[in-house]
Amino acid sequence: MAEQYVAAVDQGTNSSRCILFDRRGRLVSVAQREHRQLFPRPGWVEHDAEEIWRNVARVVPAAIRQIGAAPSQVVAIGITNQRETSLLWDRRTGQPIGHAVVWQDTRTDRLVTELAGDEGADRFADLCGLPLTTYFSAPRIKWMLDHTPGLRQRAERGEVLFGTMETWLIWNFTGGPNGQARHVTDVTNASRTMLMNIETLDWDDKLLEAFDVPRAILPEIRPSSGVFATATEVLPGVRIGAALGDQQAALFGQTCFSAGEAKCTYGTGSFLLLHTGQEIVRSKHGMLTTVAYQIGDQPASYALEGSMAVTGSLVQWFRDGLGMIHTAAEIETLARTVEDNGGAYIVPAFSGLFAPHWRSEARGVIAGLTGYITKGHLARAVLEATGFQTLEVVDAMNADSGIALTALKVDGGMTANNLLMQFIADLLDVRVVRPMVTETVSLGAAYAAGLAVGYWPDLEGLRSNWHRAGQWMPHMDPARRATEYANWQAAVQRTFNWIRPEDQDL
Amino acid sequence: MPGTVQSIERAAAVLRLLAAAPDGLGVADLGNALGLAKTTVHGILRTLHQVGFVEQDHSGAHYHLSDAFGRLGESYLDPNELRSRAINWADSLASRSGEVVRVGRLVEGKVEVVHHVFRPDDSDQDLDVGTTLPPHATALGKAVLAYDTSARPRSLEAYTTRTITDPVQLGEELATVRSRGWATEFEEHTVELASIAAPIRGLGGLVVGAVGLAGRIERICDSRLRHRGDLVTMVRATADAIARDLRDDT
């Protein structure tokens with residue numbers, strides 16, 4: 001019998017990819033297409049959803065062709081996607097109504113402040129686990145319905161559909177406007193809308209009312225792993241076995257299946273997710289409460305999420321903005337020209353501070369600057385900023401969950417930086433472990449889909465596919481760790497209140 | 001006697017002009033000075049940029065000599081850059097072969113480990129990035145030593161009874177490596193272990209390092225104690241893939 005594969009479709013912020021995995025969880029082929037980033041106004045970021053669907057419809061067959069396989073050798077499709085990016089489309093024609101509004105878009109800034117009102121940004125946190133920010137979908141849907149003439153009436157008549165990207169893709173994979181298409185989402189993506197009740201895992205009337213969103217436009221919420229539908233387009237006859245948001249997919253791909261297991265994906269920004277089991281942990285320290293995954297009719301698993309806005313992008317700034325290095329990897333070489341940071345700390349609050357501070361008026365600082373500081377020390381401080389931000393998030397999570405982290409699984413481009421990985425192990429005082437497959441987002445989607453169709457028997461089977469490729473053990477003197485962290489916290493204090501109220505547009 | 005190469009003469013002229021222009025020069029400046037068409041100058045500049053001899057300013061309009069041009073004797077590829085280019089391919093080699101994978105480069109007569117991927121059996125292993133290996137006693141070392149024009153190790157220390165300690169014999173071994181394009185080692189560093197490695201060629205064919213795997217003899221060699229052909233193929237394909245990645249956009 002010919003080898004069988006699972007196809008992961010990763011619909012990301014910059015590109016759409018299809019990766020095929022074999023039974024041992026090994027990557028066998030990759031096809032990728034980038035799509036345009038549209039910036040119609042300052043702060044606005046949009047994608048053309050039709051372009052994205054065309055790209056997906058191309059990369060899937062391309063990945064299969066690459067290894068000379070037949071479409072029938074694909075046993076399931078798993079979808080993972082950029083989270084919170086929101087789209088409305090016409091149910092009958094399948095035409096998007098305007099572009100998809102991307103998670104980075106800040107057009108709902110004012111709206112979010114208005115919605116928060118006197119009760120503050122956490123007024124819906126009990127229901128949905130999230131604070132009011134421009135990140136999430138609900139304010140965006142309200143904005144779209146309010147700013148397109150006649151759209152709200154059409155939406156109430158059931159002529160308009162809403163979806164995040166996995167919903168749009170599944171609707172198109174199942175025929176689009178042909179009439180048989182499935183309009184569905186999964187619990188992880190729904191948990192990022194601010195419209196889903198995090199306990200009942202269903203759309204919440206109070207939230208729908210607060211955001212003025214008609215129920216008729218919303219998709220059906222399904223488990224993350226479970227057959228959503230059978231594709232009729234691109235790969236006719238192949239079952240769609242999973243959909244998960246990208247960071248949740250990475251958690252799944254890292255096989256963090258038990259409470260207390262955590263992963264951090266280090267990229268432009270970084271995302272740390274801690275599995276909290278079937279318990280919903282409400283953060284008192286600025287973490288998000290989110291659904292980790294749900295497998296079939298089993299109870300959902302939850303996670304705490306801490307996001308760091310500026311990590312890899314600080315290295316990019318050091319390269320492109322300051323011209324200190326030629327390639328991102330050279331920062332390690334430069335940092336190794338010195339023994340330590342020389343007393344310098346860089347807090348990259350480029351557009352405020354994210355978790356756990358959430359201070360939008362903060363701006364970055366270089367603290368501890370003396371004549372002794374060389375570019376080598378600054379290179380260290382750039383890398384260490386990612387380490388300290390990780391420690392802040394882990395501290396907050398430990399406090400919220402009462403579970404002390406024992407190891408951190410890492411993935412993403414920055415894991416090639418040994419100095420940084422060692423620094424993170426030293427600061428957190430836990431093992432830092434890199435898996436053999438670095439494409440954990442796609443792997444997670446493949447795992448969840450393969451599980452749904454019986455390609456893999458159970459979670460234990462998936463765990464046995466996970467192998468350690470590298471590991472960093474902590475060996476920093478506790479006294480030094482404490483001093484370094486105290487210095488960092490003092491530097492963070494100095495970023496606060498930089499943008500004064502009178503500076504903001506009136 | 002073969003003739004001279006015109007494009008190298010032109011490139012040398014471009015370098016001389018750039019060295020004399022602290023503020024840099026544009027394509028048109030160089031074309032006018034040398035009496036060459038803009039497309040010709042542009043091609044020369046693009047190549048010199050790719051090999052790291054010239055840089056562009058922020059606007060992209062002016063070219064000047066790079067710092068690296070003044071330090072040609074130093075390694076042209078940053079070891080951390082080599083690791084970040086190699087990491088996915090090295091992971092894939094470890095996962096397909098089931099063995100330890102290392103990427104190394106020659107530094108002052110020794111092989112420095114630039115990247116290390118654990119054997120995928122989840123046993124206790126320590127990262128040895130930054131440590132050095134003896135070049136004459138490992139496949140990784142032979143794969144870089146064979147293409148090095150300066151540093152022959154002076155004293156050939158014996159690690160086992162099989163270590164090559166005779167310079168003449170080592171010279172023959174390295175000639176074999178060059179003729180077939182890959183290197184092997186059999187109990188020459190550690191008893192019961194063997195290894196296979198292949199050179200990674202950057203732009204112009206320059207060997208920037210090597211990638212290889214190591215493991216127990218019974219897994220690396222066949223029943224006649226020859227290094228397994230399928231593993232050799234995998235190692236060579238990995239070295240080629242890393243090299244392609246390096247050449248595509250340096």
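By the naming in an unreviewed UniProt entry, chain B goes by Glycerol operon regulatory protein and is assigned to Kribbella soli. Under the UniProt heading Function (unreviewed entry), the entry covering chain B gives this text: "May be an activator protein for the gylABX operon."

Per an unreviewed UniProt entry, the recorded name for chain A is Glycerol kinase, and the organism is Kribbella soli. Entered under Function (unreviewed entry) in the UniProt record, the comment concerning chain A runs "Key enzyme in the regulation of glycerol uptake and metabolism. Catalyzes the phosphorylation of glycerol to yield sn-glycerol 3-phosphate." The annotation that UniProt attaches to chain A under Sequence similarities (unreviewed entry) is "Belongs to the FGGY kinase family."

Things to note about the sheet that holds strand β16 (residues 301-308) of chain A
Adjacent strands of a sheet form backbone hydrogen bonds with each other and so pair up, either parallel or antiparallel. Residue and element names in this part refer to chain A. Strand order in this open sheet of seven strands is β15-β16-β14-β13-β19-β20-β21, and the pairing throughout is mixed. Either end of the sheet is taken by a strand with one partner, and the two such strands are β15 (288-293) and β21 (468-472). Across the sheet, the mean angle from the axis of one strand to that of its neighbour is 30°, orientation sign disregarded. Pairing between strand β19 (residues 407-411) and strand β20 (residues 431-435): three bridges, direction parallel. The residue of β20 that forms the bridge with A407 is R431.

Focus on the nonpolar core
All names here are of chain A. Counting residues in hydrophobic clusters, the biggest one holds 75 residues, and the most contacted among them are L88, M194, L195, F211, I217 and F252. For this core, the element with the most residues is helix α14 (residues 440-452), which contributes eight residues. Among residues more than four places away in sequence, those in contact with F252 are L244, F257, Y293, I295, G444, Y447, A448, L451, L459 and L462. Listed in part, the 61 residues of the second largest apolar core include A355, V365, L391 and Y485.

Notes on helix α12 (residues 375-401) of chain A
Residue and element names in this part refer to chain A. Its 27 residues give α12 an end-to-end C-alpha distance of 39 Å, which sits within 8% of 39 Å, the value for a rise of 1.5 Å per residue. Among the 27 residues in α12, 23 count as buried, and that is most of the element. G402 occupies a position one or two residues after α12 and carries a positive phi of about 70°.

A look at the UniProt feature "domain: HTH iclR-type" (unreviewed entry) in chain B
Cross-referencing UniProt, the feature "domain: HTH iclR-type" (unreviewed entry) maps to residues 5-67 of chain B in the present numbering. Secondary structure over residues 5-67 of chain B splits into 56% helix and 10% strand, and the C-alpha atoms at its two ends are 26 Å apart.

Thoughts on the sheet that holds strand β5 (residues 74-81) of chain A
Residues and elements named next belong to chain A. Strands sit in the order β3-β2-β1-β5-β12-β11 across an open sheet of six strands; the sheet is mixed. The open sheet terminates on both sides in strands that have one partner only, identified here as β3 (27-34) and β11 (225-230). The average undirected angle you get between the axes of adjacent strands in this sheet is 25°. Pairing geometry for strand β1 (residues 5-11) and strand β2 (residues 15-21), over six bridges, is antiparallel. If you follow D10 over to β2, its bridge partner there is R17. Where helix α1 (residues 49-66) meets the sheet, it contacts β1, β2, β3 and β5, and its direction lies at approximately 150° from that of β3. Where helix α9 (residues 246-253) meets the sheet, it contacts β5 and β12 (239-245), and its direction lies at approximately 105° from that of β12.

A word on the side chain of N172 of chain A
Residues and elements named next belong to chain A. In this structure, N172 sits in helix α6 (residues 165-173). By relative accessible area, N172 is classed as buried at 9%. The residues touching N172, leaving out its near neighbours within four places in the chain, are W53 and E233.

Comments concerning helix α4 (residues 137-147) of chain A
Among the eleven residues in α4 of chain A, nine count as buried, and that is most of the element. Looking at the buried positions of α4 of chain A, the neighbouring elements they touch are β6 (87-90), β7 (100-101), α2 (109-116), α5 (151-156), β8 (160-163) and α8 (205-211) of chain A.

Points about the domain arrangement of chain B
As assigned here, chain B comprises domain 1 (6-73) and domain 2 (75-246). Centre-to-centre, using C-alpha coordinates, domain 1 of chain B lies 37 Å away from domain 2 of chain B.

As for the UniProt feature "binding site: glycerol" (unreviewed entry) in chain A
All names here are of chain A. In this structure's numbering, the residues bearing the UniProt feature "binding site: glycerol" (unreviewed entry) are R83, E84, Y135, D246 and Q247. Summarising the element assignment, E84 is placed in the loop between β5 and β6. According to the relative accessible area criterion, E84 is buried, its value standing at 3%. Apart from residues no more than four positions distant in its own chain, E84 is found in contact with V101, W103, Y135, F136, S137, R140, T164 and R192. Since its relative accessible area comes to 7%, Q247 is described here as buried. Discounting chain neighbours no more than four positions away, the residues touching Q247 are R83, K263, T265, F271 and L273.

Description of the pattern of salt bridges
The full count for this structure, using the stated rule, is 44 salt bridges over all chains. Note that R123 of chain A is salt-bridged to E119 of chain A, the shortest N-O span being 3.6 Å. When its relative accessible area of 33% is taken as the criterion, R123 of chain A is described as partly exposed. The exposure class assigned to E119 of chain A is exposed, which follows from its relative accessible area of 60%. A salt bridge links R162 of chain B to E187 of chain B, with the nearest nitrogen and oxygen atoms 2.9 Å apart.

Reading the values: rules and limits
Residues numbered from 1 in each chain as written. Chains lettered and ligands numbered in written order. Predicted model: local features only at pLDDT ≥ 70, side-chain atom pairs only at ≥ 80, totals over all residues. Heavy atoms only, no water. UniProt positions renumbered as here; feature names shortened; annotations may be inferred. Pairing = 2+ DSSP bridges. Helix = DSSP H or I, 4+ residues; strand = E, 2+ residues; numbered from the N terminus. Axes fitted to C-alpha atoms, helices over the stretch in contact; angles between N-to-C directions. Core = buried A, V, L, I, M, F, W, Y, C linked by side-chain atoms within 4.5 Å. Buried < 20%, exposed > 50% of the residue type's maximum accessible area, 1.4 Å probe, protein only. Contact = heavy atoms within 4.5 Å. Expected span 1.5 Å × (residues − 1). Domains from an automatic or database assignment. Salt bridge = Lys/Arg side-chain N within 4 Å of Asp/Glu carboxyl O.

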